[in-house]
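# Summary of the model geometry
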Amino acid sequence: MSGPEKDENDNTPERGVATKVRPKTKKPSMYRVVLMNDDYTPMEFVTSILMGIFKKSKEDAMKIMLNVHQKGVGTCGVYTFEIAETKVAQVMEAAKRAQHPLQCTLEKT
């Protein structure tokens, strides 16, 4: 037998191109950091938190603070879980140090 037929006992290595399959990376889940209104935390403190921790401009901080005051909640930003969790912890720690009952949470978008 001659020709291109392959014998079952032939140990010749196969020839071809090896391809590497790359796993698809998923975008991380995003979380909204939210401040809740209370009757005791001063508006100036909320504004300073927004400017300090969330790096908002004075104008943006005032808008968010007024939203918290008038509607009961305000979104500070949307971040990956680790960053959102850190920002919530920073807000809660600052409020505790200043003896304000300000509440901050995160929610999945």
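A few points on the structure. (Residues numbered from 1 in each chain as written. Predicted model: local features only at pLDDT ≥ 70, side-chain atom pairs only at ≥ 80, totals over all residues. Heavy atoms only, no water.)

Taken in spatial order, the three strands line up as β2-β1-β3 in an open sheet, and their pairing is antiparallel. Each having just a single partner strand, β2 (73-80) and β3 (103-108) make up the two edges of the open sheet. Averaged over neighbouring strand pairs, the angle between their axes works out to 25° when direction is ignored. By the bridge criterion, six bridges tie strand β1 (residues 30-36) to β3 in an arrangement that is antiparallel. Within the sheet, the bridge partner assigned to Val34 lies in β3 and is Thr105. (Pairing = 2+ DSSP bridges. Helix = DSSP H or I, 4+ residues; strand = E, 2+ residues; numbered from the N terminus. Axes fitted to C-alpha atoms, helices over the stretch in contact; angles between N-to-C directions.)

So, on to unusual backbone geometry. One non-glycine residue, Lys55, adopts positive backbone phi at about 55°. Here Lys55 lies in the loop between α1 (43-52) and α2 (58-71). Positive phi values are uncommon outside glycine, yet Gln99 reaches one of about 60°. Its place among the elements puts Gln99 in the loop between α3 (81-97) and β3. Taking relative accessible area as the criterion, Gln99 reaches 72% and is therefore assigned exposed. (Buried < 20%, exposed > 50% of the residue type's maximum accessible area, 1.4 Å probe, protein only.)

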